[in-house]
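What follows is the residue order along each chain.
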Amino acid sequence: MKDARFSGEIAIAFSPLDNGELYTSTAVAQDADGNRRETGLPWRWASVTKQVIAVMIMQEVARGTIALDAPVARYLPEFRSPNASLITVRQLLRHQTGLPNPDDTKPDPQGVPSYYTPDFAGNKDPLTGYCAGPVRGEPGGAWSYNNCDYIVAGALLEAVTGESWEAILDMRKRRSFAQSDPKLWDRPLIGIAPLADAQPVPEPWPGYVANVREPTFDIASFGAAGALYGTAFDLVAFDMHLATGQYLPPEALAELWDGQPELGYLALGQWAFEAPLKGCAAPVRIIERRGAIGGVQVRNFILPETKMALAMFTDQAEFDFGEIWQGAGFSFEMLSLAACPQGPQ
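The rules behind each value
Residues numbered from 1 in each chain as written. Predicted model: local features only at pLDDT ≥ 70, side-chain atom pairs only at ≥ 80, totals over all residues. Heavy atoms only, no water. Axes fitted to C-alpha atoms, helices over the stretch in contact; angles between N-to-C directions. Helix = DSSP H or I, 4+ residues; strand = E, 2+ residues; numbered from the N terminus. Parallel < 35°, antiparallel > 145°, perpendicular 65-115°, else oblique. Contact = heavy atoms within 4.5 Å. Nonpolar A, V, L, I, M, F, W, Y, C, P; charged D, E, K, R; others polar. Pairing = 2+ DSSP bridges. Buried < 20%, exposed > 50% of the residue type's maximum accessible area, 1.4 Å probe, protein only.

Axis separation between helix 1 (residues 48–63) and helix 4 (residues 165–172) bottoms out at 11 Å; the angle between their running directions is 80°. When the axis of helix 1 is compared with that of helix 4, the two are roughly perpendicular. Of the residues in helix 4, those touching helix 1 at Thr49, Val52, Ile53, Met56, Gln59, Glu60 and Arg63 are Trp165, Ile168, Leu169 and Arg172. When the residues that make up the contact of helix 1 with helix 4 are grouped by side-chain class, the tally is six nonpolar, two polar and three charged.

Take a look at the structure:
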């Protein structure tokens, strides 16, 4: 961390037991000069929010209330998009919808797309507003990253459950999947504090772009696509509960993590692939989710076979995490150190 002049926080967790009731986690935070900072303060989760939303939708798939290959219009008949009857839920989670992207709205004087500013003059209703406007293409085919996909996914959860996605998350984050069914066993989960979709004031870790405080964003406008806040400890706790089968039954978890080679190993709300790591004898299966808003970046990694999670947050827009598949860079080095025997240094 010091060698790379990393400014931010890194948390790691692993579960020594298969039942997931116990796990160990630790974190360290520093500025770019290596000075220690306080750990356990909330960060923007940015697009890691999408990973959380995908898990909650797959819980409904496992319950039989949502079908992945059903058209979105079945659950959202008021969705006015020209693609509403063509898009499937699976395509929504894989960014294959052709919906408009808020990133494309006219930037304000600071360069922030107007959709993400308090002064946006348009309609942000997921079903009738910007996301229901002119489409960029037909559903299916190659994926195209798009925040509207998950803004609509949040509305889908609300339509099916009768609760907002925020309320659903608050109810479920400490519960196993089976706990919601009185016919099945009951096991409480621990370790995840209240997550929020409201920006802390003051924000403990604001972002910097080229060493200058970032422009102003209306973080709440990202909604189910990126508005969550939580600590690094909260994120690795979420990862561990997911990896140890607490949030989803095996079939649903396998579907969630079914990375498609033709889509760059995109699964549902995250990427799933195998890659060699330094010190490991064989390629390692990795679940990755990343995000960025303004000057804040996040990388979230889950290693399902070893029941380990690594979450990294930085407050510097220019920090280069690198790519795991390239076999070099900060993410590769940190994940190798965490997951593989390194031998004498």
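There is more to say after this.
Spatially, 3-2-1-11-10-9-8 is the arrangement adopted by the seven strands of the open sheet, whose pairing is antiparallel. The sheet is open, and its two edges are formed by strand 3 (36–37) and strand 8 (271–275), each paired on a single side. The sheet contact formed by strand 1 (residues 8–14) and strand 2 (residues 24–30) spans seven bridges and is antiparallel. Bridge pairing links Ile12 to Thr26 in strand 2. Of the strands in this sheet, strand 9 (284–293) and strand 10 (296–303) touch helix 1, which is tilted by about 120° from strand 9.

With respect to the element layout, Gly8 can be found in strand 1. In this structure Gly8 comes out as buried when scored by relative accessible area, which is 0%. It is 9.8 Å that separates the C-alpha atoms of Gly8 and Trp43, two residues lying 35 residues apart in sequence. With residues near it in sequence (within four places) discarded, Gly8 still touches Val28, Ala29, Gln30, Trp43, Trp205, Phe313 and Thr314.

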